[in-house]
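Structural overview
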Amino acid sequence: MSKWKPKVGETYYLPWLYDCDVDCIDIIWNGTLWDEKRYTSGFVCRTMKEALDVAEKMLAVAKEHVQNDQY
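Structural notes on the environment of A55
Along the polypeptide, A55 turns up in helix α2 (residues 48-69). C-alpha separation for the pair A55 and Y18, spaced 37 residues apart in sequence, amounts to 9.9 Å. When sequence neighbours within four positions are dropped, the list of residues in contact with A55 reads P15, W16, L17, V22 and D23.

Next comes the structure, spelled out in structure tokens:
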């Protein structure tokens, strides 16, 4: 099964962390370099729920990094 990729004009969701809270933003796919970079990095999500789940994982990784780097 191949990863979903929006067509020009379709909305996708990008995971977002704002002041340590999970969020997401909606973006219209235009096939720009930014769209392609986000897609290659795995940040292009088909649904808001998927984007929020990814944002939760991003926050968890950041918190783990802080805990492991404390002296």
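Here's the deal with the pairing of strand β2 (residues 21-28)
Pairing of strand β1 (residues 11-18) with β2 involves eight bridges; the strand directions are antiparallel. Note that in β2 the partner of T11 across the bridge is I28. In textbook terms, the turn of a hairpin is the stretch between consecutive antiparallel strands, and for β1 and β2 this stretch comprises two residues, one of which, D19, has a positive phi near 50°.

Here's the deal with the packing of aromatic side chains
Tallying each qualifying case throughout the model produces two aromatic pairs. Taking 5.6 Å as the distance between ring centres and 65° as the angle between the ring planes, the aromatic pair formed by Y12 and W29 counts as edge-to-face. Of the two residues, Y12 is situated in strand β1 and W29 in the loop between β2 and α1 (33-41); the sequence distance between them amounts to 17 residues. Of the two residues, Y12 and W29, both sit in the buried class. Residues W29 and Y39 carry aromatic rings whose centres are separated by 6.3 Å and whose planes lie at 80° to one another, so their mutual orientation is edge-to-face. With W29 in the loop between β2 and α1 and Y39 in helix α1, this pair connects stretches of sequence that are ten residues apart. A single burial state applies to W29 and to Y39, both of which are buried. Taken together through their ring pairs, the aromatic side chains of Y12, W29 and Y39 make up a single cluster. The ring of Y39 carries the charged tip of K5 above its face, separated from the ring centre by 4.9 Å. In this arrangement the basic side chain of K37 is found over the ring face of W34, its NZ or CZ atom lying 5.3 Å from the centre.

Rules of the game
- Residues numbered from 1 in each chain as written.
- Predicted model: local features only at pLDDT ≥ 70, side-chain atom pairs only at ≥ 80, totals over all residues.
- Heavy atoms only, no water.
- Helix = DSSP H or I, 4+ residues; strand = E, 2+ residues; numbered from the N terminus.
- Contact = heavy atoms within 4.5 Å.
- Pairing = 2+ DSSP bridges.
- Phe/Tyr/Trp six-rings, centres within 6.5 Å; stacked < 30°, edge-to-face > 60°.
- Buried < 20%, exposed > 50% of the residue type's maximum accessible area, 1.4 Å probe, protein only.
- Lys NZ or Arg CZ within 6 Å of the ring centre and 35° of its normal.

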